[in-house]
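The primary structure of each chain is shown beneath.
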Amino acid sequence: MEGIPIEPALQQPVTVSLDDLKSDTIPFGLLEAAFGPSSLGILIVKNLPSRFSDLRHKLLSYASYLANLPEDKLGSLTLPASNYLTGWSHGKEALKPGVYDTLKGSFYVNCAFYQDSTLQSTSDRRHENFSEYAEPNVWPAEDVLPGFRRIFEELCTLVVDISVLVARACDRYALANIEGYEKGYLERVVKTSTTTKARLLHYFPSETSSLVLSDEQEHMRSKERVEDDDWCATHIDHGCLTGLTSALYIDESAHPPFLIPSPGMSSLPPLPALPSVPSPSAGLYIKSRSSAITKVNIPASCLGFQTGEALELITGGKFRAVPHFVRAGGIGHTSRIARNTLAVFTQPNLGEVVDKKRGLTFADFSKEVNERFG
């Protein structure tokens, strides 16, 4: 990524309201601008239910509480049998050959509970060799992180609910523009999946940054080049639609995320968030179809929805998956700034055909993706 220029932000993400999604009034041109071959591959949804902001702040605060638990507690939440794709994962992900990610920790959750509150893993027993979906969720005890599971499930349910509406809008477009497209296909896939996966991410405070830049210096540096994808390497998602919250930045030196819950405590208090992004260059970047790098800001009151590879296959390339990454920016060594966010990867059930030309199921495609990353 060294030396790739950031072009002026001429291309901005498309924004729609939740009410427009509910009423099926999103123009096809807007969907093409959001997800089509010349797009940034992201749609911002505004005017969310009032409970969203509270749920977001609470859950993203839990990411800091969780990541700072004692090692023995984190060890009990780590599932090697799931290939570290259920429960706590740190230092196990290879997004670049031979380089393992230690800059962030993740807590993965199977969202099969969206179908049935008793389900904690996929209900499809034919695919038990896909351990990342077959291994049931593991949750912190209530006396360790009270309210964590309840808030996690509630926010994920809301994100999937809205993903279903985005999928329905995509179906309307696909039915009109893709020969032989099955009516309601993507909505059905998202609504009935037991393989949707949520990932609560904690980007650890940078320990190596020794330079504190002014806003003007940081802005000029960002315009000149993207130095690196230091908090999350460049990648594309392989599901259908990825629901993203905006990041919550927390100064963990000013607000240490350590608290012993009192008996009967229903939830931990949300941690104070920084009022703005701590560095102009910190955040989510998308590599556009023209190879320009664009920084994308998701407002705190909104959700973003990105396209994944499965959606590209399903739509025959009408909608495209986009490479993206996360930068820490020049936050500096005097503060301990963590970045917390939630991604919900809506994915087909493993037996769903995602590429009709090849007869490729999502299980087949997932194997291809795993082989790609070794």
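So, a few notes on the structure that sits alongside this text. (Residues numbered from 1 in each chain as written. Predicted model: local features only at pLDDT ≥ 70, side-chain atom pairs only at ≥ 80, totals over all residues. Heavy atoms only, no water.)

Once that is clear, we can look at the packing of aromatic side chains. This model, assessed by the stated rule, comprises 14 aromatic pairs. Members of the aromatic cluster, each reached through a chain of ring pairs, are Y62, Y65, F107, W139, F148 and F152. Taking NZ or CZ as reference, R339 lies 5.0 Å from the ring centre of Y203, over its face. (Phe/Tyr/Trp six-rings, centres within 6.5 Å; stacked < 30°, edge-to-face > 60°. Lys NZ or Arg CZ within 6 Å of the ring centre and 35° of its normal.)

One non-glycine residue, D24, lies in positive phi territory at about 55°. By the element assignment, D24 lies in the loop between α1 (18-22) and α2 (28-35). For D24, a relative accessible area of 31% gives the class partly exposed. Unusually for a residue other than glycine, Y84 sits at a positive phi of about 60°. In this fold, Y84 is placed in the loop between α4 (71-76) and β3 (87-90). You can call Y84 partly exposed: its relative accessible area is 22%. (Helix = DSSP H or I, 4+ residues; strand = E, 2+ residues; numbered from the N terminus. Buried < 20%, exposed > 50% of the residue type's maximum accessible area, 1.4 Å probe, protein only.)

Another aspect to go through is the packing of helix α3 (residues 51-67) against helix α6 (residues 148-177). At a closest axis distance of 10 Å, the pairing of α3 and α6 adopts a crossing angle of 130°. In terms of their interaxial angle, α3 and α6 are classed as oblique. Here α3 runs over α6; the crossing is left-handed. Contact residues: R51, F52, L55, R56, K58, L59, Y62 and L66 in α3; F148, I151, F152, E154, L155 and L158 in α6. (Axes fitted to C-alpha atoms, helices over the stretch in contact; angles between N-to-C directions. Parallel < 35°, antiparallel > 145°, perpendicular 65-115°, else oblique. Left-handed = near helix turned anticlockwise from the far one by under 90°. Contact = heavy atoms within 4.5 Å.)

For the rest of this paragraph, the subject is the packing of α2 against α6. One can describe the packing of α2 onto α6 by two numbers: an axis separation of 10 Å at closest approach and a directional angle of 105°. Between α2 and α6, the angle falls in the class roughly perpendicular. Only V166, A169, C170, R172, Y173, A176 and N177 of α6 make contact with α2, whose side of the interface consists of F28, L31, E32 and F35. Looking at the contact of α2 with α6, its residues break down into 8 nonpolar, 1 polar and 2 charged. (Nonpolar A, V, L, I, M, F, W, Y, C, P; charged D, E, K, R; others polar.)

Generally speaking, soluble globular proteins have nonpolar side chains that are buried together. By size, the foremost hydrophobic cluster in this structure holds 81 residues, and its most contacted members are V45, F107, F148, F152, L186 and L342. A total of 17 residues in this core trace back to one element, the largest contributor, which is α6. When sequence neighbours within four positions are dropped, the list of residues in contact with L186 reads A167, C170, D171, Y181, C240, L241, L311 and I314. Counting 15 residues, the second largest nonpolar core, distinct from the first, contains L244, L284, V296 and F345. (Core = buried A, V, L, I, M, F, W, Y, C linked by side-chain atoms within 4.5 Å.)

The final tally for this structure, using the stated rule, is 9 salt bridges. The partner of D54 in a salt bridge is K58, and the shortest N-O contact between them spans 3.3 Å. Here D54 pairs with K58, and both are found in helix α3, just 4 residues apart, close to one helical turn. Accessibility expressed as a relative area gives 41% for D54, which makes it partly exposed. Connected via shared salt-bridge partners are E182, R188 and E352. (Salt bridge = Lys/Arg side-chain N within 4 Å of Asp/Glu carboxyl O.)

Quick look at α3 now. Look at α3: 25 Å from first C-alpha to last across 17 residues, which is about the 24 Å you get at 1.5 Å a residue. Across the 17 residues of α3, 12 count as buried, placing the element largely inside the fold. Every buried residue belonging to α3 is among F52, L55, R56, L59, L60, S61, Y62, A63, S64, Y65, L66 and A67, and all of these are buried. (Expected span 1.5 Å × (residues − 1).)

Our focus in this paragraph is the state of the cysteines. The full count for this structure, using the stated rule, is 0 disulfides. Summary of cysteine pairing: C111 is not part of a disulfide, and the nearest cysteine sulfur, belonging to C156, is at 4.3 Å. In this structure C111 comes out as buried when scored by relative accessible area, which is 1%. Since its relative accessible area comes to 1%, C156 is described here as buried. (Disulfide = S-S within 2.5 Å.)

For A33, the location among the structural elements is in helix α2. With relative accessibility at 38%, the residue A33 sits in the partly exposed group. For A33 and V14, which are 19 residues apart along the polypeptide, the C-alpha to C-alpha distance reads 6.8 Å. With residues up to four places along the chain from it excluded, the contact list for A33 reads V14, S39 and L40.

Let us now look at the pairing of strand β2 (residues 42-46). For a regular strand, the rule is simple: side chains alternate between the two faces of the sheet. Where burial is concerned, most of β2 is hidden: 4 out of the 5 residues are buried. Sheet analysis places strand β1 (residues 14-17) next to β2, joined by 4 bridges and oriented parallel. Counterpart to V14 in the pairing with β2 is L43. Note: β2 against strand β13 (residues 303-307), 4 bridges, orientation antiparallel. Opposite L43, over in β13, you have F305 as the bridge partner. (Pairing = 2+ DSSP bridges.)

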